[in-house]
Amino acid sequence: MKREFRVLVLAFALIVAFVGYGFAADGDISISGKEIVVKLAKLEEGQNGLNKRIDDLSLRLQEGQDVLNRRIDDQGKRIDDLKNVMYVVLAGIFALIGFVIWDRRTALSPVIRKARDLEERNDLAVRVLKEYARKEPKMAEVLKSLGLL
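Residues numbered from 1 in each chain as written. Predicted model: local features only at pLDDT ≥ 70, side-chain atom pairs only at ≥ 80, totals over all residues. Heavy atoms only, no water.

Visitor: Residue-level account of a negative patch on the surface, with values.
Guide: Taken together, the side chains of Asp117, Glu119, Glu120 and Asp123 present a region of like negative charge at the surface. Relative to the elements of secondary structure, glutamate 119 occurs in helix α2 (residues 33–135). (Patch = residues over 30% accessible without salt bridge, like charges linked within 9 Å, V, L, I, M, F, W, Y side chains within 5 Å. Areas by Shrake-Rupley, 256 points an atom, 1.4 Å probe, with all protein chains shown as cover. Salt bridge = Lys/Arg side-chain N within 4 Å of Asp/Glu carboxyl O. Lys, Arg positive; Asp, Glu negative; His and termini not counted. Charge placed at Lys NZ, Arg CZ, Asp CG, Glu CD. Helix = DSSP H or I, 4+ residues; strand = E, 2+ residues; numbered from the N terminus.)

Now the structure itself:
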């Protein structure tokens, strides 16, 4: 019985294997060498077309990169120009501040000189009045009431 069972299992396995092989292989598929060459040529043409498109895209990308680099360089030049303008403006501000300080000193020095001259004349006038008050008692009273003696 063991042997019969083995034969039955082997027969079943062979039937399943040949049935699967029969369905897998279609009998009317027959491609000639010429058709294979034609299809390979079409595939090569398609691949060449794809390669051309990739090359065109990389060329466009390179051109775009060049344009972008040019624009970045232009922006750098503009920033440098703005920096130079800023330096000129700062120099102008410092020059203006220096001029204001110089002008103030120049304008104030005559006023200071005039004020010193007036103080000296005032001191001289007070000394003259005090000397005169020593000889005139009425003048001495007036100067004492004003707080000059």
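Next comes the rest of the account.
Visitor: Lay out the packing of aromatic side chains in plain terms, naming residues and giving numbers.
Guide: Going through the model one piece at a time under the given rule, you end up with one aromatic pair. Ring centres 5.9 Å apart and planes at 35° place the aromatic pair phenylalanine 99 and tryptophan 102 in the tilted group. Taken together, the positions of phenylalanine 99 and tryptophan 102, both in helix α2 and three residues apart, correspond to about one turn of that helix. When its relative accessible area of 47% is taken as the criterion, phenylalanine 99 is described as partly exposed. You can call tryptophan 102 exposed: its relative accessible area is 52%. (Phe/Tyr/Trp six-rings, centres within 6.5 Å; stacked < 30°, edge-to-face > 60°. Buried < 20%, exposed > 50% of the residue type's maximum accessible area, 1.4 Å probe, protein only.)

Visitor: Describe the pattern of salt bridges, with residues and values.
Guide: For the coordinates displayed, the defined rule picks out two salt bridges. Note that glutamate 131 is salt-bridged to arginine 134, the shortest N-O span being 3.2 Å. In this pair, glutamate 131 and arginine 134 both sit in helix α2, three residues apart, roughly one turn of the helix. On the accessibility criterion, glutamate 131 (44% relative accessible area) is partly exposed. Overall, arginine 134 belongs to the exposed group, its relative accessible area being 68%.

Visitor: Pulling in residues and values, what's your account of a nonpolar patch on the surface?
Guide: A cluster of nonpolar residues, Val85, Met86, Tyr87, Val89, Leu90, Ile93, Phe94, Ile97 and Ile101, forms a patch on the protein surface that exposes about 880 Å² of accessible area. Note on placement: methionine 86 falls in helix α2.

Visitor: An account of the packing of α2 against helix α3 (residues 137–146) is requested, with residue identities and associated values reported.
Guide: At their nearest, the axes of α2 and α3 sit 6 Å apart, and the two run at 130° to each other. Taken together, α2 and α3 sit at an angle that is classed as oblique. Helix-helix and strand crossings are classified by hand; for α2 and α3 the assignment is left-handed. Judged by residue contacts, Leu129, Lys130, Tyr132, Ala133 and Lys135 of α2 engage Pro137, Met139, Ala140 and Leu143 from α3. (Axes fitted to C-alpha atoms, helices over the stretch in contact; angles between N-to-C directions. Parallel < 35°, antiparallel > 145°, perpendicular 65-115°, else oblique. Left-handed = near helix turned anticlockwise from the far one by under 90°. Contact = heavy atoms within 4.5 Å.)

Visitor: Tell me about the environment of arginine 134, and name the residues and values.
Guide: Linking arginine 134 and phenylalanine 99, residues 35 residues apart in sequence, is a C-alpha distance of 53 Å. Side-chain polar atoms of arginine 134 contact the side chain of glutamate 131, separated by 3.2 Å. (Polar contact = N/O pair within 3.5 Å; in protein donor to acceptor, adjacent residues only side chain to side chain.)

Visitor: Tell me what's going on with the environment of leucine 148, and back it up with residues and numbers.
Guide: Residue position: leucine 148 is located in the segment after α3. Given the relative accessible area of 34%, leucine 148 is considered partly exposed. If we skip the residues at most four places from it in the chain, leucine 148 touches Lys130 and Leu143.

Interpretation note: all reported values are geometric properties and have no functional meaning in isolation.
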